[in-house]
Each structure stands twice: as structure tokens, then as C-alpha cells.
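Each chain, written out:
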Amino acid sequence: MLPFTATTEIPFYWQQYLLANSKSTLYSASPCSLLIQEIHVETHVLWHIVFNITKDDQLIRLVLPPGIFQLLLYNIQNNGEIIFLHQELGLGISEKDYCYLGGGFSDRDLRVLVSKGTYQTVMFPFSRQNQRSTVTGMKSDETFAFIEKNLMAIGIPLIS
């Protein structure tokens, strides 16, 4: 795994991605950088992650806080190939599309395989309890409405 350095002082290039009222940290290693922003919307939290990858086939392990049972992932920008790996499952997500990863997560259970490019992903984490009340049984149009509502709340413009 790559040795990342972390900083909360965000360089000028990355400021175009900064969102109001977010806790932002930039993680950097030689072939890649990640800007991770934690934002609270109403009663839940979401993460906005920007990947800037300069070398193909980078495997990044994301450390998740305890208690996450399911993740809803939505790709805002995808100009290469990005695959999310959880347990024995690998899912590629197109731009302007989503997927669910579930079944619980250990603290180092989510990996991301990326090719050279820039990617923006929003992650909505759900505990076992709020997963049942929030996302269980949502149809595709309801999921997109949930995503759209949250993106608008944090100031990410929707481009159809």
C-alpha cells in the first residue's frame, strides 16, 4: 500500500472541489491524491471524495469508521475506470450512476482500483439501523431522488 501523507491545508488546485461546511483532508502519495470531505446533511453524514490518479492500476484502501452496514456510492465524475471492491465483489460505476455495497464492513474492507484520471464519488454510509429506515426498498427513481436532494443540499450542481 502507498504511504499517504495527510493535510488539512488544501492547495489551490483542489479548492475548486471544496464544499461549504465540510471537514476536508487531502491525502497524497506519489501516483495519486485523494480529497475527502465529510459533510453533515440533516441527520446523516456523507463523504465527497475526489481521486486524482496519475498512474494506472492504483489500489487504494479506504478505512471506514466502525458501524457501517451499507454504502450507497454515486459517481459524479468518472473519466477513466474505477472499481469498488468489497469482500468478494468488485463493482464498476459509470458516471452519473450509483451502486450499493452492503453486508457490513470491517475497518479496512473497502478498496478502490482506479486507472489514470479524475473521479468524484459521493458515499452515503448507513448503519444497520438507519439502513432499514432510509434505503431498504427504495426503487431506482427514489434512490436518484435521494441522491439529488443530498447533492443539492451540499452545493454540488447536477448536470444531466
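Our subject is the structure listed above.
Residues numbered from 1 in each chain as written. Predicted model: local features only at pLDDT ≥ 70, side-chain atom pairs only at ≥ 80, totals over all residues. Heavy atoms only, no water.

*Asks:* Which residues make up the packing of aromatic side chains, and what are the values?
*Replies:* Taken as a whole and assessed by the stated rule, the structure comprises eight aromatic pairs. Geometrically, the ring pair formed by F51 and Y119 is edge-to-face, given 6.5 Å between the ring centres and 80 degrees between the ring planes. Remark: Y119 occurs in strand 11 (residues 117-126) and F51 occurs in strand 4 (residues 44-53); sequence separation between them is 68 residues. No difference in accessibility class separates F51 from Y119, as the two residues are buried. Considering the side-chain rings of F126 and F146, the 6.1 Å spacing of their centres and the 45 degrees angle between planes classify their relative orientation as tilted. Residue F126 is found in strand 11, and its partner F146 is found in helix 2 (residues 140-154); the two are separated by 20 residues along the sequence. The pair formed by F126 and F146 is uniform in burial state, with each residue classed as buried. Through a chain of ring-to-ring contacts, three or more aromatic side chains come together here, namely Y13, W14 and Y17. (Phe/Tyr/Trp six-rings, centres within 6.5 Å; stacked < 30°, edge-to-face > 60°. Helix = DSSP H or I, 4+ residues; strand = E, 2+ residues; numbered from the N terminus. Buried < 20%, exposed > 50% of the residue type's maximum accessible area, 1.4 Å probe, protein only.)

*Asks:* Please set out the sheet that holds strand 8 (residues 89-92) residue by residue, giving values where relevant.
*Replies:* With antiparallel pairing, the four strands of this open sheet are ordered in space as 5-10-7-8. Looking at strand neighbours, the two that pair on one side only are strand 5 (58-62) and strand 8, the edges of this open sheet. In this sheet, neighbouring strand axes are inclined to one another by 25 degrees on average, regardless of whether the strands run parallel or antiparallel. Where strand 5 meets strand 10 (residues 110-114), five bridges bridge the pair, whose relative direction is antiparallel. Pairing of L62 across the sheet is with L110, part of strand 10. (Pairing = 2+ DSSP bridges. Axes fitted to C-alpha atoms, helices over the stretch in contact; angles between N-to-C directions.)

*Asks:* Can you tell me about the side chain of H44, naming the residues and giving the values?
*Replies:* Of note, H44 is situated in strand 4. Accessibility expressed as a relative area gives 15% for H44, which makes it buried. Here the side chain of H44 touches N150 through a polar contact of 2.8 Å, side chain to side chain. Excluding anything up to four places from it in sequence, H44 contacts I39, F146 and N150. (Polar contact = N/O pair within 3.5 Å; in protein donor to acceptor, adjacent residues only side chain to side chain. Contact = heavy atoms within 4.5 Å.)

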